[in-house]
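Here is how the chains run, residue by residue.
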Amino acid sequence: MKSEWTKKKLSDIADFNPRETIKKGAIAKKIPMDVLRPFYRDVPYYVEECFSGGTKFRNGDTIMARITPCLENGKTAQVSILNDGEVGFGSTEYIVFRAKEGIADKDYLYYLICSPEVREPAIKSMVGSSGRQRVQTDVVKNLEIDVPPLVEQEKIGSFLKAFDDKIALNDRINKNLAA
């Protein structure tokens, strides 16, 4: 019930750019910005590179472009290409969101980050020279949003995830048919 939803800051339900470690020079999975497809949950592929810097993330984290025009184009994804316990990395132009355990559902958080409720204020907060504008992370952290209880988040996230799973399956079927 909507009456059970409470107003919270986004930083109350998600950790921003959580600390992770990859040793300099270690080979790790990288998700370059150009790999992300607009408004598509899954990361289509990754590259393995020597780590020299960038944002770090784990499976279940949501990565969102923070630079123009990538954010406006809908470059946001949920990381699922890593092995258990593995840490990957990507562009410094990502904001990484991790659902706070026991407070937020990772799937719900992904769809919330993709929603106009988060994207539009993020886009409006961009500063910098034209063509190189970036989101002000503090604006996103302090966004006040209505948040359902965890059980309802899990239901909403599961429901929306089922649609994306079906889209991914249909994409695989279409590729097989084309081949």
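Our subject in this report is the structure included herewith. (Residues numbered from 1 in each chain as written. Predicted model: local features only at pLDDT ≥ 70, side-chain atom pairs only at ≥ 80, totals over all residues. Heavy atoms only, no water.)

Describing a nonpolar patch on the surface
A cluster of nonpolar side chains, namely F159, L160 and F163, defines an oily patch on the protein surface of about 310 Å² accessible area. Residue placement: F163 occurs in helix α5 (residues 150-178). (Patch = residues over 30% accessible without salt bridge, like charges linked within 9 Å, V, L, I, M, F, W, Y side chains within 5 Å. Areas by Shrake-Rupley, 256 points an atom, 1.4 Å probe, with all protein chains shown as cover. Salt bridge = Lys/Arg side-chain N within 4 Å of Asp/Glu carboxyl O. Helix = DSSP H or I, 4+ residues; strand = E, 2+ residues; numbered from the N terminus.)

Observations concerning the nonpolar core
Ranked by internal contacts, the top residues of the largest apolar core, which has 22 residues, are L10, I13, F97, L109, L112 and V140. Within the residue set of this core, elements represented by two or more residues are α1 (10-13), β2 (14-16), β9 (94-99), α2 (106-114), α3 (116-124) and β10 (144-147). Examining the composition of this core, we find that four residues originate from one element, α2, more than from any other. In this structure, M33, V35, A65 and V96 belong to the second largest nonpolar core, which totals 16 residues. (Core = buried A, V, L, I, M, F, W, Y, C linked by side-chain atoms within 4.5 Å. Buried < 20%, exposed > 50% of the residue type's maximum accessible area, 1.4 Å probe, protein only.)

Details of the sheet that holds strand β5 (residues 55-57)
Pairing in this open sheet of four strands is mixed, and the strands run β4-β3-β8-β5 from one edge to the other. Whereas interior strands pair on both sides, the edge strands pair on one side only; in this sheet they are β4 (47-50) and β5. In this sheet, adjacent strand axes meet at a mean angle of 45° when their direction is disregarded. (Pairing = 2+ DSSP bridges. Axes fitted to C-alpha atoms, helices over the stretch in contact; angles between N-to-C directions.)

Re the packing of aromatic side chains
In total, this model carries four aromatic pairs according to the counting rule given. Summarising the aromatic geometry, the rings of F159 and F163 are spaced 5.1 Å apart at their centres and angled 80° between planes, so their arrangement reads as edge-to-face. Note that F159 and F163 are positioned in helix α5 at a spacing of four residues, about one turn of the helix. Taking relative accessible area as the criterion, F159 reaches 53% and is therefore assigned exposed. One Lys or Arg, R37, reaches over the ring of Y40 and ends 3.8 Å from the middle of that ring. (Phe/Tyr/Trp six-rings, centres within 6.5 Å; stacked < 30°, edge-to-face > 60°. Lys NZ or Arg CZ within 6 Å of the ring centre and 35° of its normal.)

A closer look at the pattern of salt bridges
Tallying each qualifying case throughout the model produces 14 salt bridges. Among the ionic pairs, R98 bridges to D61, the shortest N-O distance being 2.8 Å. Of this pair, R98 sits in strand β9 while D61 sits in the loop between β5 and β6 (62-65), and the two are 37 residues apart along the sequence. Like R98, the residue D61 is buried in the burial classification. For the salt bridge of K161 with D165, the shortest nitrogen-to-oxygen distance reads 3.0 Å. On the criterion of helical spacing, the pair formed by K161 and D165 is a turn pair, its members being four residues apart in helix α5.

All quantities given are derived from atomic positions and should not be read as evidence of function.
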